Amino acid sequence: MKIGSVFVGCGLTVLLLAGGAPAQMPSRTFSLEAHSPLFWGFVERSTKLETVAGGFGFTEGPMWDPAGFLYVSEETINKIFKVYPDGKKEEVIALGDPDGNTFDRQHRLIDCASVLRAIIEVTPDGKYKILADRYEGKRFNSPNDVIVGPDGALYFTDPTLDLVEGEKQEIPFQGVYRLDEKGNVRLLTKDLTQPNGLAFSPDGKRFYVNDSEQRNIRVYNVAADGSLTKGRIFGEEPGGRGDGVPDGIKIDKYGNLFVTGPKGIWVWDALGKHIGTIVVPEQPANLAWGDSDYQTLYITATTSVYRLRMKTKGFVPYLAH
């Protein structure tokens, strides 16, 4: 997320210097903090965090492509890149403030374009097509993250975190929406203050949404038509100013959650118990499962992209059905 000339990623502030170069707050040291012995079932004690690529301004929206690279949104220079495991970067498209990304069932790259206030398809020729930019005739705020659901529809959050300065908020709330293949947009809930990352459980029966302002993770029951019921707090990630907030979220194939938060990535079991934290040198905004077996976490953290080999395997929604 970025606000004016100050860039904020899960609470880590990066101030712009006179020449436009980011001045970063002091880094942390990578570590694995177990809150339960179960944590070591997810990651080896001896595993090392690897830097894939650096030199970015603010990274978001990682998405692994089976062709062997990662899509990464670079919010400060308004571009999406292909980032290869050897660190090579290749520009895909120049686009006003790209954010969260996903693949749909047709393997189209779907992006949340904050400046366009739209959900778009990024086409193979480096252009884009708007899939939706309004709800009941009013422009979205600033779509932030998007996933494909078990029914093949796209689900996305629309906070005001990246609402363009000087532009009017037309929808008087921050919603979570469903976009079907015919272009129909349906509001699912408006009971979050700043909805951000989102995910389905592997069985499609539960739906999780991070509320970055409230610093919590909400969970809902999912009906057959995609509607949400019985919203409740799944977990909270408290912290001080600058510590990081719930932003991106991913699930493993067993239904455990990996959520960005204070100091790095919080690992939660399916019952809502915080079992450990992956402390990352820079504050992460998002993450994705990758490599051929989807057993590596790729992490977009401020100026860098990292990877961490895991013992568990990721749940990848667009491949699951």
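Numbering of residues starts from 1 in every chain and runs along the sequence as written. The predicted origin of the model limits local features to residues at a pLDDT of at least 70 and limits the giving and counting of side-chain atom pairs to 80 or more, whereas totals for whole chains, interfaces and linings rest on all residues. Processing note: side-chain calculations cover all non-hydrogen atoms of the structure and skip hydrogens and water entirely.

K.L.:
Is there a simple way to explain the overall build of the chain in this structure?
P.N.:
Counting its secondary structure elements, the chain contains zero helices and 31 strands. For the C-alpha atoms alone, the extent of the chain along its principal axes is close to 55 × 50 × 40 Å. Residue exposure (1.4 Å probe, protein chains only): buried if accessible area is under 20% of the type maximum, exposed if over 50%, otherwise partly exposed. Looking at the 321 residues of the chain, the share that counts as buried comes to 58%. We call two residues in contact whenever any of their non-hydrogen atoms come within 4.5 Å of each other. Counting contacts in the chain only where the partners sit at least 6 residues apart, residues at least 24 apart contribute 49% of the total. Here a helix means four or more residues in a row that DSSP labels H or I, a strand means two or more in a row labelled E, and each is numbered from the N terminus.

K.L.:
Looking at this model, I keep getting lost on the sheet that holds strand 22 (residues 206-211). Mind explaining?
P.N.:
Sheet strands line up and pair through hydrogen bonds in the backbone, either parallel or antiparallel. Criterion used throughout: strands pair if DSSP finds at least two bridges between them. Sheet architecture is open: four strands sit in the order 21-22-23-24, paired in antiparallel fashion. In the strand order of this sheet, the two ends are held by strand 21 (195-200) and strand 24 (228-236), each with one partner. Recorded for the sheet is a direction-independent mean angle of 25° between the axes of neighbouring strands. Here strand 21 runs beside strand 22; their pairing, made up of four bridges, is antiparallel. Residue pairing across strands places alanine 199 opposite tyrosine 208, the latter belonging to strand 22. As a rule, the C-alpha atoms of each element are fitted with a line to give its axis, helices using only the stretch in contact, and angles between N-to-C directions run from 0 to 180 degrees.

K.L.:
Could you clarify how one ought to interpret the confidence of the model for the chain in this entry?
P.N.:
Low pLDDT marks stretches whose predicted atomic positions should not be read closely. Scored by pLDDT, the chain comes out at a mean of 91, with 91% of its residues at no less than 70. Residue range residues 2-24 is modelled with pLDDT below 50. Its contacts to residues more than four positions away, or to other chains, number 53 contacts. Scored from 0 to 100, pLDDT reflects the predictor's confidence in each residue.

K.L.:
Would you take a moment to explain the pairing of strand 7 (residues 59-65) for this structure?
P.N.:
Looking down a regular strand, the side chains alternate between one sheet face and the other. Of all seven residues that make up strand 7, seven are buried, and the element is covered over most of its length. The turn linking strand 7 back onto strand 8 (residues 69-74) is made up of three residues, and glycine 68 within it adopts a positive phi angle of 110°.

K.L.:
Help me understand the sheet that holds strand 9 (residues 79-83) in this model?
P.N.:
Across the sheet, which stays open at both edges, the four strands sit in the order 7-8-9-10 with antiparallel pairing between neighbours. At either end of the open sheet lies a strand with only one pairing partner, and these are strand 7 and strand 10 (89-94). With strand direction ignored, the average angle separating the axes of adjacent strands in the sheet is 25°. Across five bridges, the pairing between strand 9 and strand 10 is antiparallel. Bridge pairing in strand 10 places isoleucine 80 opposite isoleucine 93.

K.L.:
How do you make sense of empty space enclosed by the protein when you look at a structure like this?
P.N.:
Once rolled over the atoms, a probe with the size of a water molecule shows which space is left empty. Each cavity reported here is a set of points on a 1 Å grid over the protein atoms alone in which a 1.4 Å probe fits but cannot get out, each pocket an open set with protein on both sides within 12 Å along at least five of seven lines, and each lining residue one with an atom within 4 Å of a point. Grid points are joined across faces, edges and corners, and a volume is the space filled by probe spheres set on the points. Scanning all chains against the criterion turns up one cavity of 30 Å³ or more. Approximately 230 Å³ is the volume found for the largest cavity. In this structure, the largest cavity is lined by 20 residues; those nearest its centre are Met63, Lys250, Phe315, Val316 and Pro317. Mapped onto the lining of the largest cavity, the elements with two or more residues apiece are strand 7, strand 11 (98-103), strand 17 (146-148), strand 21, strand 25 (249-251) and strand 29 (284-290). When residues are grouped by polarity, Ala, Val, Leu, Ile, Met, Phe, Trp, Tyr, Cys and Pro land in nonpolar, Asp, Glu, Lys and Arg in charged, and all others, Gly among them, in polar. Considered class by class, the residues forming the lining of the largest cavity number 16 nonpolar, two polar and two charged.

K.L.:
What's the story with the nonpolar core in this structure? I'm lost.
P.N.:
Within soluble globular proteins, side chains that are nonpolar tend to cluster in buried spots. Judged by nonpolar contacts, the single largest core of 60 residues is most densely connected at Tyr71, Phe258, Ile278, Leu297, Ile299 and Met310. Setting aside residues no more than four positions away along its own chain, tyrosine 71 makes contact with Gly61, Pro62, Met63, Asp65, Ile80, Phe81, Lys82, Val92, Phe103 and Leu109. Nonpolar core, defined: a set of buried Ala, Val, Leu, Ile, Met, Phe, Trp, Tyr and Cys residues in which side-chain atoms within 4.5 Å join the residues together.

K.L.:
What's the story with the pairing of strand 12 (residues 109-113) in this structure? I'm lost.
P.N.:
Taking burial as the measure, the five residues of strand 12 include five buried ones, the bulk of the element. Neither face of strand 12 is exposed, since Leu109, Asp111 and Ala113 on one face and Ile110 and Cys112 on the opposite face are all buried. Bridging between strand 11 and strand 12 involves four bridges; their strand directions are antiparallel. From the neighbouring strand, threonine 102 faces strand 12, where its bridge partner is isoleucine 110. The turn linking strand 11 back onto strand 12 is made up of five residues, and histidine 107 within it adopts a positive phi angle of 65°. One ladder, built from five bridges, connects strand 12 with strand 13 (residues 118-122); its direction is antiparallel. Counterpart to cysteine 112 in the pairing with strand 13 is isoleucine 119.

K.L.:
What am I meant to see in the side chain of serine 212 here?
P.N.:
Tracing the backbone through its elements, the reader meets serine 212 in the loop between strand 22 and strand 23 (216-222). Reaching out from serine 212, the side chain makes a polar contact with the side chain of asparagine 196 at a distance of 2.9 Å. As used in this structure description, the phrase polar contact means that two N or O atoms lie within 3.5 Å; if the pair is within protein, one of them must be able to donate a hydrogen and the other to accept it, and residues adjacent in sequence are counted only when both atoms belong to side chains.

K.L.:
Explain unusual backbone geometry here, please?
P.N.:
Leave glycine aside and you will find that most residues have negative phi; peptide bonds, for their part, are mostly trans. The phi dihedral of arginine 215 is positive, around 60°, even though this residue is not glycine. By secondary structure assignment, the location of arginine 215 is in the loop between strand 22 and strand 23. Residue arginine 215 is classed as buried on the basis of its relative accessible area of 19%. Within the chain, threonine 302 stands out as a residue other than glycine whose phi angle is a positive 55°.

K.L.:
So what exactly am I meant to see when it comes to the environment of glycine 261 here?
P.N.:
Locating glycine 261 in the fold gives a position in strand 26 (residues 257-261). Judged by its relative accessible area of 0%, glycine 261 falls in the buried class. Along the chain, glycine 261 and glycine 197 lie 64 residues apart, while their C-alpha atoms are 12 Å from each other. Glycine 261 has contacts with Glu237, Asp243, Gly244, Val245, Pro246, Trp266 and Gln283, leaving out every residue within four places of it along the chain.

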